[in-house]
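Residues per chain are reported as follows:
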Amino acid sequence: MAVAAVQPRLSPAATEVALAALKTLLGDRFTTAQAVREQHGRDESWNPPFPPDAVLFPHSTEEVAEIVNICAAHGLPIIPYGAGTSLEGHVSAMQGGVCLDLMQMDKVLKVNAEDLDVVCQPGVTRKALNEYLRDTGLFFPIDPGANASIGGMVSTRASGTNAVRYGTMRENVLALTVVMADGRIIRTSKRAKKSAAGYDLTRLFTGAEGTLGIITEVTLKLYGIPEAMSSAICSFATLEGAVNTVIQTIQAGIPVARIELLDDVQVEAINRYSKTDMPVQNLLMLEFHGSEAGVAEQAEMVQAIASDHGGNNFQWTTKAEERAKLWQARHDAAYAAKALRKGAEVWATDVCVPISRLAECILETKEDVVKTGLTAPLVGHVGDGNFHLAIVLDRNNPDEVATIEAFNERLVHRALRMEGTSTGEHGIGRGKMKYLTAEHGEAVSVMRAIKKALDPDNLLNPGKIFSL
């Protein structure tokens, strides 16, 4: 993918003055190397990359505050960066500035096992956190698939396969330490599980995509590792049967931990890529957590519901290695889709609708896929109404890109028409800015007012979520 030309906010001379001050502060944790800059100007989305003027690697909250003070004094934009796994162009430096790579702030600071919470820095990845917690009998359940950083997951209000039982980052972040655009350091809350004291600043920064402040510490809820876990697959001749099984399972109150939908195109792609042998039909992948008796009961109840909707080949396992292989194959779905076409890229869509409208939205979308002639495997965290298409495309074919842009626009407006959202978990970034007003109307003006109040010079990740 070609690197796009940056439209810098500052003149080259003014930028050099600011960068010199930052280099003095950070020494060898400051770089303008082209390869590093290009790496930090891209994520895993279809959006063209925009490299920053420099990349910085801070180690502490206080150091981040010093960086912000220097940038604020010179008017230099700041783009926070985590693992680079975002999907809507969140890290593009379209106005130049510096990329603040927080991945060296990767310490777990304190585990409060009795209170079921943990305090960590933003560069800790979800896999590293659970490895650290392994001997405590606790785990952090939010699993967006990629080995994302905790700071990035907070910033995009991430969720993933476990959200149907454990919720999203919105429900699992207790408190944040944030460096504001003027260099102030604030803590948004204490560790109490609930509070009615003042505005809920924790939720304000959760999902703000680095536009309101820079997150430097995170306090998260933890959960006890279940006594038993069981994973299952079940095939369906029709998408409608699979989706109706999901709807009835949720409405029946069965506490399923994960319930994922894959269409037959996605199953075939995964079989090729991950060397699995799942039946090439529409498929549900499920996981149950609880006691041994409870897990068995949940599996039997879902199997009965699935049978009523044409489900067959119901297979389940409690073996950890088999469960891990199954869910790794699911997490590699985008790579499997990409492998369907040599040299291709993937445009990942992300809509979410009320579960009562899920079947209607998916079936209309599949009809649109067929009519448009796209290669677009479908997957979904369908327990909460969220689904994705991994559209395979040639970025260098303008006709193909235009076709997919029109398809994606129809998909988003279809979800909005059904009282859903343009993004269930990927965020707005720069990729979905044009849909925000259609979704939120006058509320966008309130968002702009908040942005202007907290970041009046528009230094923090400018050009994301909405324009000013």
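Just so you know, these numbers come straight off a predicted model, no measurement behind them.

1. Details of the overall build of the chain
Here is step 1: The helix and strand tally for the chain stands at 17 helices and 19 strands.
Here is step 2: Relative to the compact-globule value of 23 Å for 468 residues, the chain shows a C-alpha radius of gyration of 22 Å, a close match.
Here is step 3: Along the longest, intermediate and shortest principal axes, the C-alpha atoms of the chain span 70 × 60 × 45 Å.
Here is step 4: Partitioning the contacts of the chain with sequence separation of at least 6, the portion at a separation of at least 24 is 72%.

2. What about the pattern of salt bridges?
Side-chain pairs of opposite charge can arise where the charged atoms are in close proximity.
Here is step 1: If you walk through the whole model with that rule in mind, you get 22 salt bridges.
Here is step 2: The shortest N-O distance in the salt bridge between Arg29 and Glu63 comes to 2.7 Å. With Arg29 in the loop between α1 (12–26) and β1 (30–31) and Glu63 in helix α3 (residues 61–74), the pair connects residues that are 34 residues apart, well separated along the chain.
Here is step 3: For Arg29, a relative accessible area of 18% puts it in the buried group.
Here is step 4: Using a relative accessible area of 12% as the deciding quantity, one classes Glu63 as buried.
Here is step 5: Close ionic contact of Asp455 with Lys451 constitutes a salt bridge, the shortest N to O distance being 2.7 Å.
Here is step 6: Since its relative accessible area comes to 1%, Asp455 is described here as buried.
Here is step 7: Its relative accessible area of 4% is what places Lys451 among the buried residues.

3. Details of the layout of surface pockets
The probe, sized like a water molecule, is rolled over the atoms to show the empty space still left.
Here is step 1: When its volume is computed, the second largest pocket comes out at roughly 940 Å³.
Here is step 2: Taken together, 45 residues form the lining of the second largest pocket, with Arg157, Thr206, Gly207, Ile428 and His440 sitting closest to its centre.
Here is step 3: Those elements giving two or more residues to the lining of the second largest pocket turn out to be α7 (169–172), α8 (201–205), α16 (436–440) and α17 (443–454).
Here is step 4: Looking at the lining of the second largest pocket element by element, the count peaks at four residues for α17.

4. Some words on the sheet that holds strand β6 (residues 117–120)
Paired through their backbone hydrogen bonds, the strands of a sheet run either parallel or antiparallel.
Here is step 1: If you trace the five strands from one edge of the open sheet to the other, you get β5-β6-β10-β8-β9, paired in antiparallel fashion. What marks the edges here is a single partner per strand, and that holds for β5 (108–112) and β9 (185–187). The sheet shows a mean angle of 15 degrees between the axes of neighbouring strands, direction not considered.
Here is step 2: With four bridges connecting them, β5 and β6 associate as antiparallel partners. Residue pairing across strands places Asn112 opposite Asp117, the latter belonging to β6.

Rules used in this analysis
Residues numbered from 1 in each chain as written. Predicted model: local features only at pLDDT ≥ 70, side-chain atom pairs only at ≥ 80, totals over all residues. Heavy atoms only, no water. Helix = DSSP H or I, 4+ residues; strand = E, 2+ residues; numbered from the N terminus. Rg over C-alpha atoms; globule rule 2.2 N^0.38 Å. Contact = heavy atoms within 4.5 Å. Salt bridge = Lys/Arg side-chain N within 4 Å of Asp/Glu carboxyl O. Buried < 20%, exposed > 50% of the residue type's maximum accessible area, 1.4 Å probe, protein only. 1 Å grid on protein atoms, 1.4 Å probe; cavity = no way out; pocket = protein on both sides within 12 Å on 5 of 7 lines; lining within 4 Å. Points joined across faces, edges and corners; volume = space filled by probe spheres on them. Pairing = 2+ DSSP bridges. Axes fitted to C-alpha atoms, helices over the stretch in contact; angles between N-to-C directions.

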